[in-house]
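Here are the chains, one letter per residue:
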Amino acid sequence: MDDQFRRIPQVQSLLETDTAIALIGAYGHADVTNSIRLKLDDMRRAIRQTKEISNQELHPDKLLQDIAQNLRASRQVTLKPVINATGVIISTNLGRAKLAPEAIAAIQAIADTYSTLEIDLATGKRGSRQSHVEALICKLTGAEAALVVNNCAAAVLVSLSALAAKRDVIVSRGELVEIGGSFRMPDVIVQSGAHLKEVGATNKTHLSDYENAMSDETALLLKSHTSNFKIVGFTSAPSREDLVALASKSNLPLIEDLGSGLLVSLADHHLPDEPIVRDVLAAGVDLVMFSGDKLLGGPQSGIIAGKRSLIDQISKHPISRACRIDKFSLAALHATLELYMAPNDPFRSVPVLVALSEPLTAIRGRAARLMRKIDSFDQIQANLISSVAFAGGGTLPEQDLPSFAVSIAPLNQSVESLSRRLRQAPKPVLGRISKNQLMLDMRTISDHEVYEIADALHVAASI
Ligand SMILES: *Cc1c(COP(=O)(O)O)cnc(C)c1O
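Just so we're clear, the structure is a prediction, and the values are computed from it rather than from any experiment.

## Structural notes on the overall build of the chain
When helices and strands are tallied, the chain shows 20 helices and 18 strands. Each principal axis of the C-alpha atoms in the chain carries an extent, and together these give about 80 × 55 × 55 Å. Across the 463 residues in the chain, those meeting the buried criterion constitute 47%. For the chain, the proportion of contacts with a sequence separation of at least 24, taken over those separated by at least 6, is 74%. A total of about 22900 Å² of accessible surface is found on the chain, and carbon and sulfur atoms cover 50% of it. The average position of the 49 basic charges and that of the 51 acidic charges among the side chains of the chain differ by 3 Å.

Okay, structure coming up:
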C-alpha cells in the first residue's frame, strides 16, 4: 500500500514540467497548484479504495492532461443563454421572464456610469430608490403606496415581520402552499416571528373559522393565492369580499400573497383570469404582494402595494433594507411597468404577454419554417404536430395553451442521446421528451431561434 502511494508524483515535480508552466501562463500559479493538489488527492483516495491504480494513470503526462481539462472546465461560463423549446413560458429553472428590449436598455443605461439611484436632483439631497417606481405601481394598481424588494418571498417575509411579529396570523389550511422547493408559507410565517394560526380543513374553510380564531393576539388575516395547484371537488372558502368585510369589521388588515402579479386582464386573449392586482385592491384587500418576473414579465423583484400606513410600517423595518432591490432590477422594472401605460400595449411589448397571447397561426408558421430547415436531415424523422404549452411559474395552473411543436424521432441514436447532445450545443436547446420523441414547442421560441435550433439539430443528429 505504501508503495502504491510512493508512485504518486510530487506537486513540485509536476509544477516544473513544461505542460504545467504553459498552464500557469494560461490560468495562473494558484489555480494550477490547487488543481494539481486536488488531482493528487483524487489519486490517493482511489488507491485507498481500489488499491490498484495503473502506472499509466499515475504517469505525469496523463495527470497533467486531466488537470488541464479540469482547469478548462472550471473556467467555463455556466450561466449562459439557452433556447427554451419546452413550451413553458415562465420557467424558474430557465430564468423566468424574458425582458423587453426597453427593460434591457434601461439596465444598460445605468450600468457603466453613476445614476440617480438615491439622489433627489431637485434638492441635491438623499432620495429613495423606491421613488423611481412607486408612483407607476400606484397608477397601475390603484394602490395608495408601494414598496419593491428583491422577490415575492421577501415581500411576504418583510410584510409579516413588520406587521405581525409575535402576534397571530390567521391563514386557511387550504392556502398553506409550497411554491417551488423553497417557499413554504408556514415556514415563511415562522421566520417572520409571527405565530401561524391555521383555520379550517384542507378542502373547506368557512368565514366562521376565521372569526372563531380571532383574539387580542391577532395581527392580521393572510390570504394566499394557491397558484400552482387546484383543490377540486368538495371544497369551499369564503369569498375575498366576505374576508374583506370580516377584516374591516374587526379592524384587522387583510393581506394577500398573489404570487403572479397580473396587471391586465387576459380575458380578451381567451385566457382565464388570474386575480388582477387592481381588482384585488379595489375589493378592499389592504395589502398585496406579487412577483415582478412572473406574469408581470419584468426582472426578479417582489412588489408590495396597498395602504400607505402599512407600507410605511414595512419600509421602516430593518429586514426591508436586507431585502432591498438592486439598481438593475429597479431600472428594468420601471421600464417594464412603462410598457403597461398608454399608449403602449403590453400584449405587443412585454415578452411574457406576447408569448401567452400569440396567435396560433404565427406559432404554426415557426414550426413550418423549422420543418423546412431540417427537411433534408436524414438522421431524424420530424413532424409538425399540435401541442400544449403552459404559462408556468405557478400561474394559470389548469390552463393548457394550445401550441405547435416539431416532434423529432432520431433514427441513429436514442431520443435521450439526441436530447443530451442538444443540451450540449454552444447555445443549448431544451425541449421535452414525450412518447419517445423530442418535442420542440414553438410557443416559447423567437423567430430567429428557428435557425439556431436547425443548426444545433444538424450537429446533434449527425453521429
Ligand atoms: C411564486 C410565488 C411566490 C414566490 O415568488 P418569488 O418572486 O419567486 O419569490 C410567493 N407566493 C406565491 C403565491 C407565488 O406564486
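## Points about the packing of aromatic side chains
With the rule as written, the count across this model stands at 0 aromatic pairs. The lysine or arginine in question, arginine 364, covers the ring of phenylalanine 404, its NZ or CZ lying 5.3 Å from the ring centre.

## So, the packing of helix α3 (residues 18-27) against helix α5 (residues 60-74)
Put simply, α3 and α5 touch, their axes get as near as 11 Å, and they point 5° apart. With respect to each other, α3 and α5 are oriented roughly parallel. Along the contact surface, α3 presents Thr19, Ala20, Leu23 and Tyr27, while α5 presents Leu64, Ile67, Ala68, Leu71 and Arg72. A class-by-class count of the residues in the contact of α3 with α5 yields 7 nonpolar, 1 polar and 1 charged.

## Here's the deal with the sheet that holds strand β9 (residues 195-199)
With mixed pairing, 7 strands are arranged side by side in an open sheet as β5-β13-β12-β11-β10-β6-β9. Each end of this open sheet is capped by a strand with a single partner; those strands are β5 (145-149) and β9. Across this sheet, the average inter-strand angle for adjacent strands is 25°, counted without regard to direction. Of the pairings in the sheet, the one linking strand β11 (residues 254-259) to strand β12 (residues 287-291) comprises 4 bridges and is parallel in character. Residue glutamate 256 lies in a different strand from β12, and its bridge partner there is valine 288. Lying on the sheet, helix α7 (residues 131-141) is in contact with β5, β12 and β13 (302-306); it crosses β5 at an angle near 120°.

## Regarding the pairing of strand β14 (residues 380-392)
Side chains on a regular strand alternate between the two faces of the sheet. Relative to β14, strand β2 (residues 88-90) runs parallel, the two sharing 2 bridges. Each bridged residue has a counterpart across the sheet, and for isoleucine 90 the counterpart in β14 is glycine 392. In terms of strand pairing, β14 meets strand β15 (residues 401-410) through 10 bridges, oriented antiparallel. When the sheet's bridge partners are listed, glutamine 381 is paired in β15 with alanine 409.

## Quick word on helix α15 (residues 327-338)
Over its 12 residues, α15 extends 17 Å from the first C-alpha to the last, a length consistent with the 16 Å expected when each residue adds 1.5 Å. Turning to α15, its buried residues are Ser329, Leu330, Ala331, Ala332, Leu333, Ala335, Thr336 and Leu337. Packed against the buried residues of α15 are α6 (101-111), α7, β5 and β13. The backbone nitrogen of phenylalanine 328 has a side-chain oxygen 3.0 Å away, supplied by the residue at the start of α15, namely aspartate 326.

## So, the pattern of salt bridges
Scanning the model with the defined rule gives 21 salt bridges in all. Aspartate 66 is paired through a salt bridge with lysine 39; the nearest N and O atoms lie 3.0 Å apart. Separated by 27 residues along the polypeptide, aspartate 66 in helix α5 and lysine 39 in helix α4 (residues 29-50) bring together distant segments of the chain. Residues aspartate 66 and lysine 39 agree in their burial class; the two are buried.

## Quick look at the environment of methionine 341
Within the secondary structure, methionine 341 is located in the loop between α15 and α16 (346-349). Residue classification places methionine 341 among the buried residues on the basis of a relative accessible area of 19%. For the pair methionine 341 and leucine 220, spaced 121 residues apart in sequence, the C-alpha to C-alpha distance is 33 Å. Contacts of methionine 341, omitting those with residues within four sequence positions, involve Leu136, Lys139 and Leu140.

## Quick notes on the sheet that holds strand β18 (residues 437-441)
Spatial ordering of the open sheet is given by β2-β14-β15-β18-β17, a layout of 5 strands whose pairing is mixed. With one partner strand each, in any of the chains shown, β2 and β17 (432-434) form the two edges of the open sheet. When strand polarity is set aside, the average angle formed by the axes of neighbouring strands in this sheet is 40°. Across 4 bridges, β15 lies against β18 in antiparallel orientation. Following the sheet pairing, isoleucine 408 is matched in β18 by leucine 438. Helix α19 (residues 415-423) contacts β15, β17 and β18 of the sheet and is inclined by roughly 40° relative to β18.

## Digging into the nonpolar core
Core analysis: the largest hydrophobic core is formed by 56 residues, its most contacted members being Val288, Leu337 and Leu356. In terms of residue count, α7 provides more of this core than any other element does, 5 residues in total. If sequence neighbours within four positions are ignored, valine 288 has contacts with Glu256, Leu258, Val277, Val280, Leu281, Ile303, Ile304 and Ala305. Listed in part, the 30 residues of the second largest apolar core include Ala155, Leu160, Ala164 and Val169.

## Observations regarding the side chain of threonine 444
By the secondary structure assignment, threonine 444 is in the loop between β18 and α20 (449-461). Engagement of the side chain of threonine 444 in a polar contact is seen with the backbone oxygen of asparagine 84, the distance being 2.8 Å. Excluding its chain neighbours within four sequence positions, the residues that come into contact with threonine 444 are Asn84, Ala85, Thr86, Gly87, Val88, Ile89, Lys98 and Glu449.

What counts and what doesn't
- Residues numbered from 1 in each chain as written.
- Predicted model: local features only at pLDDT ≥ 70, side-chain atom pairs only at ≥ 80, totals over all residues.
- Heavy atoms only, no water.
- Helix = DSSP H or I, 4+ residues; strand = E, 2+ residues; numbered from the N terminus.
- Buried < 20%, exposed > 50% of the residue type's maximum accessible area, 1.4 Å probe, protein only.
- Contact = heavy atoms within 4.5 Å.
- Areas by Shrake-Rupley, 256 points an atom, 1.4 Å probe, with all protein chains shown as cover.
- Lys, Arg positive; Asp, Glu negative; His and termini not counted.
- Charge placed at Lys NZ, Arg CZ, Asp CG, Glu CD.
- Phe/Tyr/Trp six-rings, centres within 6.5 Å; stacked < 30°, edge-to-face > 60°.
- Lys NZ or Arg CZ within 6 Å of the ring centre and 35° of its normal.
- Axes fitted to C-alpha atoms, helices over the stretch in contact; angles between N-to-C directions.
- Parallel < 35°, antiparallel > 145°, perpendicular 65-115°, else oblique.
- Nonpolar A, V, L, I, M, F, W, Y, C, P; charged D, E, K, R; others polar.
- Pairing = 2+ DSSP bridges.
- Expected span 1.5 Å × (residues − 1).
- Polar contact = N/O pair within 3.5 Å; in protein donor to acceptor, adjacent residues only side chain to side chain.
- Salt bridge = Lys/Arg side-chain N within 4 Å of Asp/Glu carboxyl O.
- Core = buried A, V, L, I, M, F, W, Y, C linked by side-chain atoms within 4.5 Å.

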